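Structural overview
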Amino acid sequence: MMGGRYNRPNYSTYLNDEPMPDAASEKEQGNEYFKQKKFAEAIECYSRSIALSPTAVSFANRAMAYLKLRRFEEAENDCTEALNLDDRYVKAYSRRITARKGLGKLKEAMDDAEFAVSVDANNPELRKQYSEIKALLMEKMSKRSSVQAKHTISEFDKAGDRKDITSHPPTGPQKDSFMEVDSPGRAAAGIREFAGGASKGGSGVSLKDNMLQSRDAKQKPGPEISVQDLASRAASRYISSTVKSVKTPKTAYDFEVSWRAISDDPAQQIQLLKSIPPESLPEIFKNALSSAFLIDIVKCTASIFRDDVALAVNILDNLTKVSRFDLIIMCLSPMHKSELRKVWGQTFLVETASRDQVEALKRLQAKYVQGGWHDDMFALS
């Protein structure tokens, strides 16, 4: 009787109807909506696809739909999610550049552009974005520097004007004397006072002439040129500068951005490399380790080797576990091969290593240096 009180649904009828949606079909439907410029509907499909099975492509596709609706923050977040799944996916970088540009995050967009171009140097769209972001940064910093310079000049002039209005009229010998000048504002007022013509007096004339000559010598290029030069230098510093305190990277992208930011500071690079647990190197780089960065890391490890042999050997060992390591070594340029041989031959010497470390280095040399070393280099005294 209990069974008769409830009408149980016949689930077999659902199985015979339309197939249940899957991530791939939702993504394809989203693509169709996107082609029809139905971006809101496309976003819904991509969202269902992501819920069923998140992929870098689905996140990047949804980011593109968000960009079309000028929803830059959502687009940036989706691109970041895509890169968390595949930190070499250049389309995600390209779209995040666009999103960050829309949000006014030009410095972050420049970081993305630099990294993306290093990944795919022949991509014309990435190179175009790089040039555009660089130009916008230069323009922004030029305007900022010009405003600051004009503000400084204006404040300087105002200080002088206040002197003209509030000070008592000079009398007697004080009229032609600069000995009373005791502030930049008063100095500026004095310069303006004599700029209109020669003044009369004894010793004050030569002093005034000297000040005018000094002023002319400093201002020969003209105020406009000085401001432009200041703006250009400030913009260059802005583009090349980043915060020196870098956090431990979790992805290849994080590592390369941090590494480039401290490229002129070997001590900072050593600290950055030391901050990374060697066992996490394969997970950080996955299949994204480039030959140039491999050489840089080995050189940095050579510096660590002098003070901490065990850590250096551990770093070298875990680098060999990065995906496609053997292929990277095989495809090294002659210059990089020569650098690698030089670093290993000059630094990783057995005199500073224990017996176990020597054996580890002997195994590693076969992976790093094609042709290897001679066995007598590992002979223990």
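Quick note: structure is the one above.
Here goes a summary of the coordinates provided. Worth saying up front: this structure is predicted, and the values here are computed from it rather than measured. (Residues numbered from 1 in each chain as written. Predicted model: local features only at pLDDT ≥ 70, side-chain atom pairs only at ≥ 80, totals over all residues. Heavy atoms only, no water.)

1. Observations regarding the overall build of the protein
- Along its length, the protein carries 20 helices and zero strands.
- Classification of the 381 residues of the protein by burial places 37% in the buried group.
- Carbon together with sulfur atoms contributes 53% to the accessible area of the protein, which is approximately 22900 Å² in total. (Helix = DSSP H or I, 4+ residues; strand = E, 2+ residues; numbered from the N terminus. Buried < 20%, exposed > 50% of the residue type's maximum accessible area, 1.4 Å probe, protein only. Areas by Shrake-Rupley, 256 points an atom, 1.4 Å probe, with all protein chains shown as cover.)

2. Some points on the side chain of Glu76
- Note on placement: Glu76 falls in helix α6 (residues 72-85).
- Each residue touching Glu76, except ones within four places of it in the same chain, is listed here: Arg96, Ala99, Arg100, Leu103 and Lys105. (Contact = heavy atoms within 4.5 Å.)

3. Quick notes on unusual backbone geometry
- Phi at Lys37 takes a positive value of approximately 65°, unusual for a residue other than glycine.
- What makes Lys37 exposed here is its relative accessible area of 66%.
- The residue Arg324 is not glycine, and still its phi comes out positive at about 65°.
- Tracing the chain through its elements places Arg324 in the loop between α17 (309-319) and α18 (325-330).
- Arg324 sits in the partly exposed class, given a relative accessible area of 42%.

4. Regarding the side chain of Asn123
- Along the chain, Asn123 falls in the loop between α8 (106-119) and α9 (124-166).
- A relative accessible area of 17% means that Asn123 is categorised as buried.
- Within the structure, Asn123 has its side chain in polar contact with the backbone nitrogen of Leu126 (distance 3.2 Å). (Polar contact = N/O pair within 3.5 Å; in protein donor to acceptor, adjacent residues only side chain to side chain.)

5. Section: the nonpolar core
- Formed by 43 residues in total, the largest nonpolar core has its most connected members in Phe285, Leu289, Leu294, Val298, Trp344, Phe348 and Tyr368.
- When contributions to this core are tallied by element, the ones reaching two or more residues are α13 (252-261), α14 (266-274), α15 (281-285), α16 (291-305), α17, α18, α19 (334-347) and α20 (355-368).
- Sorting elements by how many residues they give to this core places α16 first, with nine residues.
- Residue contacts for Phe285: discarding those within four places in its chain leaves Ala252, Phe255, Ile297 and Val322.
- Within the second largest apolar cluster, 15 residues are counted, among which are Ile50, Phe59, Val90 and Ala92. (Core = buried A, V, L, I, M, F, W, Y, C linked by side-chain atoms within 4.5 Å.)

6. Quick look at the packing of α8 against α13
- The contact between α8 and α13 brings their axes to 11 Å, and the two run at 110°. When the axis of α8 is compared with that of α13, the two are roughly perpendicular. Residues Asp111, Asp112, Phe115 and Ser118 of α8 touch α13, and the partners they reach there are Ala252, Tyr253, Glu256, Val257 and Arg260.
- Residues that form the contact of α8 with α13 fall into these classes: four nonpolar, one polar and four charged. (Axes fitted to C-alpha atoms, helices over the stretch in contact; angles between N-to-C directions. Parallel < 35°, antiparallel > 145°, perpendicular 65-115°, else oblique. Nonpolar A, V, L, I, M, F, W, Y, C, P; charged D, E, K, R; others polar.)

7. Description of helix α5 (residues 56-68)
- Here α5 spans 19 Å end to end across 13 residues, near enough to the 18 Å set by a 1.5 Å rise per residue.
- Within α5, 10 of the 13 residues are buried, leaving the element largely enclosed by the surrounding structure.
- Where α5 is buried, its residues contact α3 (23-35), α4 (39-52), α6 and α7 (90-103). (Expected span 1.5 Å × (residues − 1).)

8. A word on the packing of α5 against α6
- At a minimum axis separation of 8 Å, α5 and α6 run at an interaxial angle of 165°. Considered as vectors, α5 and α6 are oriented roughly antiparallel to each other. Between α5 and α6 lies a crossing of left-handed hand. Residues Ala56, Phe59, Ala60, Arg62, Ala63, Tyr66 and Leu67 of α5 form the contact with α6, whose participating residues are Phe72, Glu74, Ala75, Asp78, Cys79, Glu81, Ala82 and Leu85. (Left-handed = near helix turned anticlockwise from the far one by under 90°.)

9. A look at the pattern of salt bridges
- Summed over the entire model, instances satisfying the criterion amount to 16 salt bridges.
- Where Asp112 meets Arg96, a salt bridge forms, and the shortest distance between an N and an O atom there is 2.8 Å. Of this pair, Asp112 sits in helix α8 while Arg96 sits in helix α7; the two residues are 16 residues apart in sequence, bridging distant segments of the chain. Arg96 carries the same exposure label as Asp112, and that label is buried.
- Of the charged contacts in the structure, one is a salt bridge between Asp112 and Arg100, with a shortest N-O distance of 3.0 Å. With Asp112 in helix α8 and Arg100 in helix α7, this residue pair connects regions lying 12 residues apart in the sequence.
- What emerges from the salt-bridge pattern is a single network uniting Glu76, Arg96, Arg100, Lys105 and Asp112. (Salt bridge = Lys/Arg side-chain N within 4 Å of Asp/Glu carboxyl O.)

10. Concerning α14
- Taken together, the buried positions of α14 are Gln269, Ile270, Leu272 and Leu273. All buried residues of α14 project into a common sector of 160° when viewed along the axis, lining one side.
- Contacts from the buried residues of α14 go to α13, α16 and α17. (Arc of directions from axis to C-beta.)

11. Observations regarding the packing of aromatic side chains
- Per the counting criterion, the structure on display carries eight aromatic pairs.
- With centroids separated by 5.1 Å and ring planes inclined at 55°, the aromatic side chains of Tyr93 and Phe115 adopt a geometry described as tilted. Taken together, the positions of Tyr93 in helix α7 and Phe115 in helix α8 put the pair 22 residues apart, joining distant regions of the chain.
- For Tyr93, a relative accessible area of 0% gives the class buried.
- With a centroid separation of 6.3 Å and an interplanar angle of 70°, the aromatic rings of Phe255 and Phe293 are classed as edge-to-face. Placement of the pair is Phe255 in helix α13 and Phe293 in helix α16, with a sequence separation of 38 residues. Judged on exposure class, the residue Phe255 and its partner Phe293 are both buried.
- One residue, Arg96, lies across the ring of Tyr253, its end atom 5.2 Å from the ring centre. (Phe/Tyr/Trp six-rings, centres within 6.5 Å; stacked < 30°, edge-to-face > 60°. Lys NZ or Arg CZ within 6 Å of the ring centre and 35° of its normal.)

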